[in-house]
Every structure is written in C-alpha cells, then in structure tokens.
Amino acid sequence: MKSISTITLGLSALITVSMISCNDQKKAENMDVKKGITKASFGNADGKEVFLYTLTNDKGDQVKISTYGGVVTSWVAPDKSGNRSSIVLGFDSLSGYLAKPPYFGALIGRYGNRIARGKFKIDGFEYTLATNDGPNHLHGGNKGFDKVVWESSVANDSIPSLSLSYLSKDGEEGYPGNLQVNVKYTLTDEDELKIEYSATTDKPTVLNLTNHSYFNLTGDVANTILNQRLQIDADNYTPVDSTLIPTGQIVSVKGTPFDFTTAEKIGARIDSVKGGYDHNFVLNSKGGSLQKVATLSDDGSGRELQVFTTEPGLQFYTGNFLDGTIKTSDGKAINKNTALCLETQHFPNSPNQPSFPSTLLSPGQTFHSETVYKLSVTK
Ligand code: BGC
C-alpha cells in the first residue's frame, strides 16, 4: 500500500508488531511506528478515490479507518503477553467491503437498526423507506451511510483525529431533508477510540447514528465471544417481535437472560434467547451526558473494553447471522458468535413509538452524540 501523506505528531515508538488479527495474519516484524495519522489510497468506489487512514497513538496502538462507509477496518493493540492483534472484524482491502459484509465496522445512518415496515410519519405526512430486512427497514436502507464515500480531513492537533463528513440529500433512501453529517474519530494515548457525531437538517427528519464494529477481544475469529464477559448498566431492555421490532414495552432484565447488570459470560444463558442476543438495552444513564454503560472483558487475552456514551440505548448483537460464508482477508471463516456489536444508539423503531426517546431532528437544531470505546489490558 502506497502511503501518500504522513502527519506525525511528536512521539515515535519502535515496537514489535505481531499482526495476528481478525483480518490479517502476519509474522512478527519490527516496525517503526510513529504517533500521528497516515493516509493511503484504498481503491475507488462510486467513481471516487477511497482513502484508508491509520491513527497511531504513543503506545503504537493503531486504528485504521476507511472513507468508504467510515469503516473502522482494524484496531490493533497488544494482549497481556504483548502480542498485537486486531480486536475488530475487518478486511485489508476495499473489495471486502464492496461485497457488502453485514456492516463490519461501519458508520450507520440515517437510521441505525429497524423502522417497522419502512414507514414513519412526521407532521402527519407518511414517508416510505426501503424494506431491506424482511418487512422492515434496516440501517438506513439499500445504500446507507455504510456504503457511501465520506469526505475526510485531518485535525492537526496533539492527538490523531480524523473528521469525516457526508451530505445526505433530501429524499435519499426516502428520508426527508438535506442532512449534513459530521463524524470525528480520535485515538487517544489512553487507547480510547472516541467517536463524535453531529448533524443538521433543512427539513424535519429522523436520525439514529451509530458505529457497527464487531468486537472479539481475543483478536482471532477462531474463538467465539461466548466466554467473554459483559456487564451492561441497564435495568431494562426492549423486547422484540419475530421480525426484531420492539414491541413497545420496556421490561425489567431481572431474572431474565438479559440481566447483565453484573458481569456475566455471554454464553452462559444465550441458548435461552431465541436466535441469540440482538436487543436494545435501555441504559440507566438515560443519555445526554457521557457515561460508562458497558464493560466487555476476556480473561485469556487480558483485554477489557469499556463503553461510554451519551446515547440512551445499546444494541447488543452476538453476530447471530454470521454463518461462515464470509472469510477474513487471510481466509478464516467468520462463524456465528465469533464477534459481537455494542451499538450505542436511540431505540429501534422510535419514529413509530412515541414513548421512546425522540429521534426527530428539526431545522435549526444540531444533533450531537459521543461514544468512547476504551481498551485496556491487564497483565
Ligand atoms: C442488528 C441485527 C443485524 C446486524 C447486522 C444489528 O445491529 O440488530 O439484527 O443482523 O446489525 O446487520
């Protein structure tokens, strides 16, 4: 891959990188890793050049982000023995993404998760969206924000951060209003991947932005996520119908397999959840301010991932529809339950559920949201 520009920020670190990752398996090699951002060509889509940015912090940990779909393609960090591997599913070439994997690492919009029968009303006017998931609309439709090329610019401050922007035109995928969306990714020296979203519109519209990274803290899809432990600060969740649309009820997790208020092995009760976990948790924090809402941990690698968000909900999805047909760049089958998503969001189908927190955005308002994934390792 040809590096076409490099912005380095201060520190540099000489580290040994063993890339035994979800998407890349290489022998350990010595690499001179500098804090900062590099930009490289990643191919072409929609007649536009796509770039792959690499954000490196002062520990030498790296996050790669593609301007196609705003996808986090890898997040490489060490385990407790110092072996580096990617903790997210991804591909090392654009072709993997053009083949439409199920939203690996992507920015999701305009509406993350489902809208029942692809219909909603604003001020009495009914809008009709694509039904691309059985009878329902999912993750923005046929060509959501995960499948468009974002404009990019690099914030030249003391920590590597990448700004992405996209203008979603009035009527795109059936949604009203010209929506200007900005997303800023930052990798801190504390191994936090910070994602800041903002948006404005010129007509009332609905909006639910998230990132769809699939995590496996072991860094290897040969392992399922069933032995990893999860804690979610949610006393309630939103049960769903057979098409995964919330019934509208908000139900206590107490005494159910959805009780993750204390850390539990993901596999401990998954067999009593039909199909596996694919549910929105109603966060006790209620949204608004940035608060810690979940912790995922893996004893084997010593890695831990904390999730902080300003959003009121968290979609916990255990990769139930992964079935081995998609392979990593190095040919490993991506099977059921080999990765999980912790998608910070508003609740699915909110435009049709007046009792859920509102997802309406009106002209003159600016939508703001922030999510931080913080990785650490215990030796
Ligand atoms: C949804 C799943 C869906 C997955 C990938 C998740 O956010 O909740 O139902 O299959 O995304 O498409």
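Below: a short report on this structure. (Residues numbered from 1 in each chain as written. Predicted model: local features only at pLDDT ≥ 70, side-chain atom pairs only at ≥ 80, totals over all residues. Heavy atoms only, no water.)

### Digging into the overall build of the chain
Along the chain, the regular secondary structure elements total one helix and 28 strands. The C-alpha atoms of the chain give a radius of gyration of 20 Å, which matches the 21 Å a tight globule of 379 residues would have. Residue burial in the chain is summarised as follows: out of 379 residues, 57% are buried. Carbon together with sulfur atoms contributes 48% to the accessible area of the chain, which is approximately 14700 Å² in total. Computed over 36 positive and 40 negative side-chain charges, the inter-centroid distance for the chain is 2 Å. (Helix = DSSP H or I, 4+ residues; strand = E, 2+ residues; numbered from the N terminus. Rg over C-alpha atoms; globule rule 2.2 N^0.38 Å. Buried < 20%, exposed > 50% of the residue type's maximum accessible area, 1.4 Å probe, protein only. Areas by Shrake-Rupley, 256 points an atom, 1.4 Å probe, with all protein chains shown as cover. Lys, Arg positive; Asp, Glu negative; His and termini not counted. Charge placed at Lys NZ, Arg CZ, Asp CG, Glu CD.)

### A closer look at the sheet that holds strand S26 (residues 341–345)
The five strands are arranged S20-S19-S22-S25-S26 in an open sheet whose pairing can be described as antiparallel. Single-partner strands in this sheet number two, and they are strand S20 (251–252) and S26. Pairing of strand S19 (residues 236–238) with S20, which is carried by two bridges, proceeds in the antiparallel orientation. Note that in S20 the partner of Tyr-237 across the bridge is Val-251. (Pairing = 2+ DSSP bridges.)

### A closer look at the environment of Val-148
As for its placement among the helices and strands, Val-148 is situated in the loop between strand S11 (137–138) and strand S12 (151–155). Exposure remark for Val-148: the relative accessible area of 4% places this residue in the buried category. If sequence neighbours within four positions are ignored, Val-148 has contacts with Thr-67, Tyr-68, Gly-69, Lys-143 and Tyr-166. (Contact = heavy atoms within 4.5 Å.)

### Overview of the nonpolar core
Grouped together as the largest cluster of nonpolar side chains are 58 residues, with contacts concentrated most on Trp-75, Ile-232 and Phe-316. Top element by residues in this core is strand S14 (residues 179–187). It accounts for five residues. With residues near it in sequence (within four places) discarded, Phe-316 still touches Leu-230, Ile-232, Phe-260, Ile-266, Tyr-277, Asp-278, His-279, Phe-281, Leu-340, Cys-341 and Leu-342. Ranked by size, the runner-up nonpolar core spans 23 residues in total, among them Val-50, Tyr-68, Leu-94 and Ala-106. (Core = buried A, V, L, I, M, F, W, Y, C linked by side-chain atoms within 4.5 Å.)

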